[in-house]
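# Breakdown of the fold
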Amino acid sequence: ELPKFGIEACYLSLFCNPEDSLKYAALKMAYNSKGVHKFYKNEVVFESSQLIPDRYYHKMDKLLNIILPLYFQDTSMGFFIIGISELSQFNGIIYEVLRSLISSSLQSSKDMQDLKNTQAQLEKKAEELKIAVLEANEANQAKSRFLRNMSHEIRTPLNCIMGFIEIIKKEKNKKQIDQYIN
């Protein structure tokens, strides 16, 4: 459909590493009215400064090339090139439509990647939380065993002391009371 709108060439390239956009880009889509029309699964990688690989330049000699940098948030993701033989308002509208479609696709792709990263982080946190809960349960059981044992160990001598106190209360002989206390 692009020739109907006066667009004779169209190229989409994304940076291999958006953090270092000056090194390499990958050609994702190439179209020109002279027969090249391809979506690349196996990327054609080239130096970013070339804008598109050398083998395409001769086909663009007489075209007015409009270059649109593609951004997502503050990150430069790549660029979009449209080649037209004459500039018209209609070309501008098509250009804006294509630009917005590509930008929204990039945003969706980036959002999906962010979602996958967030999901991986949440899964990692859930595993950490699961381990923490198991450790807390083990610590709670150890505390319960300790208190149960200590309760038994304290109760036995306390029963003995309480028994002697009862005997002392009933005893009238002062010497006997001192002996029990000692």
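These figures come from a predicted structure and were not determined experimentally. (Residues numbered from 1 in each chain as written. Predicted model: local features only at pLDDT ≥ 70, side-chain atom pairs only at ≥ 80, totals over all residues. Heavy atoms only, no water.)

### Let's talk about the packing of aromatic side chains
Selection rule: Only the six-membered ring of Trp is used, alongside the rings of Phe and Tyr, when aromatic pairs are assigned; centres must lie within 6.5 Å, and planes under 30 degrees apart are stacked while those over 60 apart are edge-to-face, with the rest tilted. Helix and strand assignments come from DSSP, with helices taken as H or I runs of at least 4 residues and strands as E runs of at least 2, each series counted from the N terminus. With a 1.4 Å probe rolled over the protein chains alone, any residue whose accessible area is under 20% of its type maximum counts as buried; one over 50% counts as exposed, and the rest are partly exposed.
Counted according to the given criterion, the structure contains 1 aromatic pair. Seen in terms of ring centroids, F15 and F79 are 5.7 Å apart; in terms of plane orientation they differ by 65°. Their pairing is edge-to-face. Note that F15 is positioned in strand β1 (residues 7–15) and F79 in strand β5 (residues 75–84), a separation of 64 residues in sequence. Taking the relative accessible area as the measure of exposure, F15 reaches 12% and is therefore buried.

### Section: the pairing of β5
Heads up, the rule is: Each pair of strands is called paired provided DSSP finds at least two bridges between the two strands.
Buried residues dominate β5, accounting for 9 of its 10 residues. Pairing between β1 and β5: 7 bridges, direction antiparallel. Residue pairing for β5: A9 is matched across the bridge by G83. In this sheet, β5 lies alongside strand β4 (residues 64–72) in antiparallel orientation, the contact comprising 9 bridges. When the sheet's bridge partners are listed, I66 is paired in β5 with I82. The loop that links β4 with its antiparallel partner β5 comprises 2 residues; one of these, Q73, has a positive phi angle of about 55°.

### Considerations on the pattern of salt bridges
The following threshold applies: Salt bridge, as used here: a side-chain nitrogen of Lys or Arg that lies within 4 Å of a carboxyl oxygen of Asp or Glu.
A full pass over the atoms with the stated rule returns 2 salt bridges. Between K169 and E166 there is a salt bridge, with the nearest N and O atoms lying 3.6 Å from each other. Placement of both K169 and E166 in helix α1 (residues 89–170) is noted, with a separation of 3 residues, approximately one turn of the helix. Accessibility expressed as a relative area gives 59% for K169, which makes it exposed. As a salt-bridge pair, K174 and D178 come within 3.6 Å of each other at their nearest N and O atoms. One end of the pair, K174, and the other, D178, are both in helix α2 (residues 174–181), 4 residues apart, so they sit about a helical turn from each other. Look at K174 and you get exposed, because its relative accessible area is 57%. In this structure D178 comes out as partly exposed when scored by relative accessible area, which is 35%.

### As for the pairing of β1
Within β1, 8 of the 9 residues are buried, which leaves the element mostly enclosed by the surrounding structure. Pairing analysis gives 7 bridges linking β1 to strand β2 (residues 24–32), with the strands arranged antiparallel. Bridge assignment links Y11 to a residue of β2, and that residue is A30.

### Some remarks on the confidence of the model for the protein
Applied cut-off: Confidence of the predictor at the level of single residues is given by pLDDT, which spans 0 to 100.
Confidence along the protein averages 80 in pLDDT terms, with 86% of residues attaining 70 or more. At the low end of the mean pLDDT range in the protein sits strand β3 (residues 37–47), at 71; at the high end sits α1, at 84.

### Observations regarding the side chain of S13
Basically, it comes down to this: Every residue pair with non-hydrogen atoms within 4.5 Å of one another is taken to be in contact.
The residue S13 is located in strand β1 in this model. Residue S13 is classed as buried on the basis of its relative accessible area, which comes to 1%. Among all residues touching S13, those that are not within four sequence positions of it are A25, A26, L27, K28, F46, L51, G78 and F79.

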